[in-house]
Amino acid sequence: MVQSRIYIALPVLNESYSLPRFLSSIQNQTFQDFSLTVCVNQYDNDWNDPERKKLCEDNRKSLRLLQQKFPFPVEVIDRTSPGKGWPPRKGGVGFARKMAMDQIAAKAKDTDIIVSMDADTEYPPEYLSAIIRYFQDHPCDVGLSLPYYHRLTGDEWHDRLLLRYELYMRYYALNMIRIKNPYRFTALGSAMAFPVWAYRKVSGLTPVQSGEDFYFLQKLVKNGPLGYWAPTTAYPSARFSDRVNFGTGPALIKGRSGHWDSYPFYPSELFDQVEQTYALFPALFEKDLATPMDTFLKQLFKTEALWSPLRKNFKSRKNFVKACQNKVDGLRILQFLKQHYQGSGNDVKPLTGFLRKYFPEEIPENRLTELETKGFEKATFGVLASLRDKMFALEGSERAKDR
């Protein structure tokens, strides 16, 4: 059996408080053949901005912390010192994550594993061991999207926002799993891993300012089988943060103002339309047929000829279907859902209706009734917490049998 080494890729910005606990958690891993590559970063202009200079000073603390001796190799990429930060409009967590991963890929073996982590995320001792075992059992997989779970803070107001956001994420994932869509991953930069050969195959991570994890996992799906579960869990931070445009931090900031429009519970019938469209891909190899997504796709791609160019370029049904899946990818699915959604971000009925229909034995009716009657703002905290925990368990169960 090929022995793989793990390389951890870590972007750091304003993390001097979180870093000691993070370093302790990886030092306590049961799998010890790993090294850490850290990109400490911010925009170079931040040194001249009184409001943002504190981030630079915090990064300087992180640099000093990372200069200590550790029982594992640590490589630091300095994109924070004056003159070394990002230029305007070309930086952020996506660039930092990519720089760390590119540096790893330049020296690692094809069979080695890159593990993407965040400094404000907790990792249990068996985390790296579970990843190694996964790729030993699935050597052809291009990547792995790992389970996650936000720990509660003890502040009920804060935790209500967190639970609302995570319920949205679980609901979306469970619908995508239900329709067996290839883009059924949940994208968290703090909870993904992939072999070096796959990273090279897709030409690495695309350096966008936010959402780099989503676009990268989507690229992986287009190039091979992606794993959706391993017997371990990452515990991301539940803090308010505006360092990126997407994810937990920005969602909590929007949510505390009551703005959940970016995180609605899309009716499950819309996911059904995606499923019906995908089911028609094999038949579309023969001739054009109407699909539930036609109007949206024709507007999006500005053409009436959605499938004929693919038939011309892909001569086998298998390759044609794959080309259709690549065209109607995870981003297009999300855009379709957003365009056809007619409700408000606070509408709970799609969620309660979905759980009643697909998991009637698992979720007590009284919890669904209370949520439906009182809404997210007035339902008891225990109902929200128990629903999140149950949906976490349901998602884990569904993903564990999802191959």
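A quick note: this is a predicted structure, and the numbers were derived from the prediction, not measured.

## Here we look at the pattern of salt bridges
Under the defined criterion, the tally for this structure stands at 25 salt bridges. Note that Asp272 is salt-bridged to Arg178, the shortest N-O span being 2.8 Å. Placement of the pair is Asp272 in helix α9 (residues 268-279) and Arg178 in helix α5 (residues 156-178), with a sequence separation of 94 residues. For Arg178, a relative accessible area of 18% translates into the label buried. Ionic pairing is found between Glu395 and Arg399, a salt bridge with its closest N-O pair at 2.9 Å. With Glu395 and Arg399 both in helix α17 (residues 381-400), this residue pair falls four residues apart, about one helical turn.

## Some remarks on the packing of helix α11 (residues 294-301) against helix α14 (residues 330-340)
α14 packs onto α11 with a crossing angle of 115° between their chain directions and a minimal axis gap of 11 Å. Taken together, α11 and α14 sit at an angle that is classed as roughly perpendicular. Read as a crossing pair, α11 and α14 show a hand that is right-handed. Contacts between α11 and α14 involve Phe296, Gln299, Leu300 and Phe301 from the former and Arg332, Gln335, Phe336, Gln339 and His340 from the latter. Each residue belonging to the contact of α11 with α14 can be placed in one class, and the counts come to four nonpolar, four polar and one charged.

## What to know about the sheet that holds strand β4 (residues 113-116)
Spatial ordering of the open sheet is given by β3-β2-β1-β4-β6-β5-β7, a layout of seven strands whose pairing is mixed. Pairing within the sheet leaves two strands with one partner each, and these edge strands are β3 (74-79) and β7 (226-227). In this sheet, strand β2 (residues 34-41) lies alongside strand β1 (residues 6-12) in parallel orientation, the contact comprising seven bridges. Counterpart to Leu10 in the pairing with β2 is Val38. Here helix α4 (residues 127-137) sits on the sheet and contacts β1, β2, β4, β5 (143-145), β6 (192-195) and β7; the angle it forms with β4, its principal contact strand, is near 135°.

## Examining the packing of aromatic side chains
Considering all chains together, one arrives at 30 aromatic pairs under this definition. Each ring, one from Tyr168 and one from Tyr172, has its centre 6.4 Å from the other, and the planes form 55°; the classification is tilted. Of the two residues, Tyr168 and Tyr172 both sit in helix α5, four residues apart, roughly one turn of that helix. Residue Tyr168 is classed as buried on the basis of its relative accessible area, which comes to 11%.

## So, the pairing of β2
Of all eight residues making up β2, eight are buried, and the element is well covered by its neighbours. By the alternation rule, side chains of β2 split into Phe34, Leu36, Val38 and Val40 and Ser35, Thr37, Cys39 and Asn41, which are all buried. Note on the crossover from β1 through helix α1 (residues 19-27) to β2: the handedness is right-handed. As paired elements, β2 and β3 share six bridges and run parallel to each other. Across the sheet, Cys39 pairs through a bridge with Ile77, a residue of β3. Handedness of the crossover joining β2 and β3 through helix α2 (residues 53-66) is recorded here as right-handed.

Conventions used here
- Residues numbered from 1 in each chain as written.
- Predicted model: local features only at pLDDT ≥ 70, side-chain atom pairs only at ≥ 80, totals over all residues.
- Heavy atoms only, no water.
- Salt bridge = Lys/Arg side-chain N within 4 Å of Asp/Glu carboxyl O.
- Helix = DSSP H or I, 4+ residues; strand = E, 2+ residues; numbered from the N terminus.
- Buried < 20%, exposed > 50% of the residue type's maximum accessible area, 1.4 Å probe, protein only.
- Axes fitted to C-alpha atoms, helices over the stretch in contact; angles between N-to-C directions.
- Parallel < 35°, antiparallel > 145°, perpendicular 65-115°, else oblique.
- Left-handed = near helix turned anticlockwise from the far one by under 90°.
- Contact = heavy atoms within 4.5 Å.
- Nonpolar A, V, L, I, M, F, W, Y, C, P; charged D, E, K, R; others polar.
- Pairing = 2+ DSSP bridges.
- Phe/Tyr/Trp six-rings, centres within 6.5 Å; stacked < 30°, edge-to-face > 60°.
- Right-handed = clockwise from strand over helix to strand, strands pointing away.

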